[in-house]
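Examining the three-dimensional arrangement
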Amino acid sequence: MAFVNLQNVTYKYPLTKTPVLQNINLQVNEGEFVAVMGPNGAGKSTLCYALAGFVPHFFKGEISGSIEVDGKKSSESTLDEWVLNVGLAFQNPFNQISGAKYTVFEEIAFGLENIGVPREEMKDRVDEAMSLTGISDLADRSPYSLSGGQQQRVALTSILVMRPRLLVLDEPTSQMDPIGTREVFGVVRKMAEEGMTVVMVEHKVEWIAHFADRVIALKEGRVFLEGKPNDVLTSDLLVENGFGISRYTSAAREAKKQGLWKKDKLPVTLFEAAEGFKP
Amino acid sequence: MRERLSFHIKRDSALHRLNPLTKLLLVLALILSAFLTPFYWTPHILAILVIPILSVIGRVGREYLSTAFRLILPAATFLFLMQAFFHPIGKEIIFAFYFLDMTLESLMFAFGNAMRIVVMVSAFTIFLLTTHPSELMSDLSRRGLPGQFAYVIISTLQILPQVQAKAQTIISAQRSRGLETEGGFFKRAGALIPLIGPLVFGSLVEVEERAIAIEARGFTSKHVKTSLHEIPDTPTDIFLRWFLTTLIAASIGLKLWLS
Ligand SMILES: Nc1ncnc2c1ncn2[C@@H]1O[C@H](COP(=O)(O)OP(=O)(O)OP(=O)(O)O)[C@@H](O)[C@H]1O
Ligand SMILES: [Mg+2]
């Protein structure tokens, strides 16, 4: 049995006319790193909320189908129990700050205080999580005074420190520079290697190709394509349907038309492109 | 953006080492005795003697003085003038200025009230200066105050400066689109109306997201919460709390008995 199991999930917000998620079937194995991509309004954030229990426990609306994580059904659980297993870092980092803490260290400890972790263990875990995501030097800063990218790292750390079994990340690198993005992907990969299951909404296709195990492309609330990163990210269907693709893929596709690209597979990353163009 | 969003000053002093609840009781005792006392001079003694001594004990004398001069005294002065001139008591006019009359009674009345306000605001200021907000929150929830309540108190303390900063941003943005935010009173008051929408609507969306954020971090979890900071609670605290509670009860009792 898959660790995450969504069956025929259809969901409509109280105010939307048509369903935002339509017949979603999704299975994710334990320790797998799945990337989700799709145009604006495709329902990516809604999918994250559904995995994390906020749909339907927080947002109400009409839902059908079943959402299971680790053999437990979301509909039969309560939100406060569900979040212990499923950690969510959502899109806007600024509003993820608890608003009750004055330093980054305290901010990250907030979740551990709530679930009753003893003080000494709490400090150790916060230290460890901060060094993992590379923000140890921000410990005494006010969470409000950080840059967008730094806030995103704090948001990610605040969830990682709680050690969820399933980690759901909604565009966690949207405000980060290339180095930050790379580091976050590295950390996420490492967590997956250690057995954490990860579902991450992301647009940066080259990094997805490099780090993720599988890609899901959402469009208008449906799973549009699904498969190995290279297969999905080089599919002709992506360009035709307004998804962002890697410039190396575009270049190689052009090159292929002119007979310059000889391989079957198109590249997504710089490395694959360089390999393929080698004479 | 401002780096410091709380009033709290990290120092080591007898006040800092008190339990937050003890300090809250102290604030309450000061305020109640200033307001309920049958003796005219109590608020004055509290404002001029007790409060400054407390600020020195808390080693926040300088910060307190600066707040007092910038904020508390101007507000109290304004209140004093309003009441001295407009409170209709007493007959014998000791000072007149066009249509404004001041009597000895209204002067005394206004002075007493202004001092009460000084005591109240000052007591809170010293409390905020010497109390770490997270400690306050943890302590109160540990004592059974529902977490939501504690959260509302604490986040309000934090969010006020933010709302202020955001209003400023919106004003600048609107001004760059030609909105008048300077000029006469009515012009400016009118100019505020377009600010309300973004501020309120923005805040509502933010409240929803923030609720998700704290929920995602186990805020409503049924576990017994722990706290990162060790919260002081010594025999001195227990003694002081008894003492202050007695004092509060006494001032309420005295007031009831005399009325
Ligand atoms: N709270 C809500 N109430 C009603 N409708 C909503 C709500 N949140 C999102 N929607 C609608 O649901 C649809 C999917 O939104 P969602 O935020 O899941 O998209 P997304 O794929 O995350 O987009 P983006 O790339 O912009 O983040 C959109 O049409 C949106 O307007
Ligand atoms: Mg989204």
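Given the structure is predicted, the values throughout are model-derived calculations rather than measurements.

In the structure shown here, the tally under the stated rule is 25 salt bridges over all chains. In this structure, E275 of chain A engages K278 of chain A in a salt bridge whose closest nitrogen and oxygen atoms are separated by 2.9 Å. Residue classification places E275 of chain A among the partly exposed residues on the basis of a relative accessible area of 34%. Note that E63 of chain B and R11 of chain B form a salt bridge whose closest N and O atoms lie 2.8 Å from each other. Here R11 of chain B lies in the segment before α1 (20-36) and E63 of chain B lies in helix α3 (residues 61-86), a separation of 52 residues in the sequence. A relative accessible area of 19% places E63 of chain B in the buried class. Taking the relative accessible area as the measure of exposure, R11 of chain B reaches 32% and is therefore partly exposed.

Further remarks concern the interface of chain B and chain A. Listed per partner, the contact involves 38 residues of chain B and 44 residues of chain A. Note on chain B versus chain A: buried area summed over both sides is about 3700 Å², and carbon and sulfur give 56% of it. Among the salt bridges present, the one from D80 of chain A reaches K222 of chain B, with a minimum N-O distance of 3.0 Å. At the junction of chain B and chain A, the tally comes to 14 residue pairs in polar contact (both at pLDDT 80 or more). It is helix α7 (residues 185-216) of chain B that contributes the most residues to the side of chain B that touches chain A, ten residues altogether. A per-class count over the side of chain B that touches chain A returns 15 nonpolar, 13 polar and ten charged.

Residue and element names in this part refer to chain B. With respect to the helices and strands, the residue E135 is situated in helix α5 (residues 133-142). It is K23 that comes nearest to the buried, bridge-free E135 among opposite-charge side chains, at 5.8 Å. Once residues lying within four places of it in the same chain are set aside, the contact partners of E135 are P20, H229, E230, I231 and P232.

Taken together, the side chains of F78, M82, F86, I94, F95, F97, Y98, F99, L104 and M108 of chain B present a nonpolar region at the surface, about 1200 Å² in accessible area. For F78 of chain B, the location among the structural elements is in helix α3.

Residues and elements named next belong to chain A. As summarised here, the arrangement of the six strands in space is β6-β7-β8-β3-β9-β10, forming an open sheet in which the pairing is mixed. Edge positions in the sheet fall to β6 (86-89) and β10 (222-227), since each has one partner strand and no second. Geometrically, the sheet is characterised by an average inter-axis angle of 15° between neighbouring strands, direction not taken into account. Examined bridge by bridge, strand β3 (residues 33-37) and strand β9 (residues 214-219) share four bridges and lie parallel to one another. Residue V34 lies in a different strand from β9, and its bridge partner there is R214. Packed on one face of the sheet, helix α1 (residues 44-51) meets β3, β6, β7 (166-170), β8 (197-201) and β9 and runs near 155° to β7. Packing against the sheet, helix α6 (residues 148-160) makes contact with β6 and β7, and its axis sits at approximately 170° to β6.

With that out of the way, let us pick up the sheet that holds strand β1 (residues 4-12) of chain A. Here four strands make up an open sheet; going across it, the order is β2-β1-β4-β5 (chain A) and the pairing antiparallel. At either margin of the open sheet sits one strand with a lone partner, and together these are β2 (21-28) and β5 (72-73) of chain A.

Turning our eyes to something else, we now look at the site of ligand 1. Residue and element names in this part refer to chain A. Around ligand 1, 14 residues are found, and the nearest of them are N40, G41, K44, S45 and T46. A42 places a polar main-chain atom, nitrogen or oxygen, 3.2 Å from an oxygen atom of ligand 1. Between ligand 1 and G43, the relevant distance is 3.0 Å, taken from an oxygen atom to a main-chain nitrogen or oxygen of the residue. Coverage of ligand 1 by the protein chains reaches 66% of its 630 Å² of free accessible surface. Considering only residue class, the shell around ligand 1 consists of five nonpolar, seven polar and two charged.

Turning our attention to unusual backbone geometry. All names here are of chain A. The peptide bond linking V55 to P56 adopts the cis configuration, its omega dihedral lying at 5°. Examined against the element boundaries, P56 turns out to sit in helix α2 (residues 54-57). Residue N23 is not a glycine yet carries a positive backbone phi of 50°. For N23, the location among the structural elements is in strand β2. On the basis of relative accessibility, which here comes to 43%, the residue N23 falls in the partly exposed class.

Parameters at a glance
- Residues numbered from 1 in each chain as written.
- Chains lettered and ligands numbered in written order.
- Predicted model: local features only at pLDDT ≥ 70, side-chain atom pairs only at ≥ 80, totals over all residues.
- Heavy atoms only, no water.
- Salt bridge = Lys/Arg side-chain N within 4 Å of Asp/Glu carboxyl O.
- Buried < 20%, exposed > 50% of the residue type's maximum accessible area, 1.4 Å probe, protein only.
- Helix = DSSP H or I, 4+ residues; strand = E, 2+ residues; numbered from the N terminus.
- Contact = heavy atoms within 4.5 Å.
- Buried area = accessible area lost by both parts, 1.4 Å probe.
- Polar contact = N/O pair within 3.5 Å; in protein donor to acceptor, adjacent residues only side chain to side chain.
- Nonpolar A, V, L, I, M, F, W, Y, C, P; charged D, E, K, R; others polar.
- Lys, Arg positive; Asp, Glu negative; His and termini not counted.
- Patch = residues over 30% accessible without salt bridge, like charges linked within 9 Å, V, L, I, M, F, W, Y side chains within 5 Å.
- Areas by Shrake-Rupley, 256 points an atom, 1.4 Å probe, with all protein chains shown as cover.
- Pairing = 2+ DSSP bridges.
- Axes fitted to C-alpha atoms, helices over the stretch in contact; angles between N-to-C directions.
- Near = heavy atom within 4 Å.

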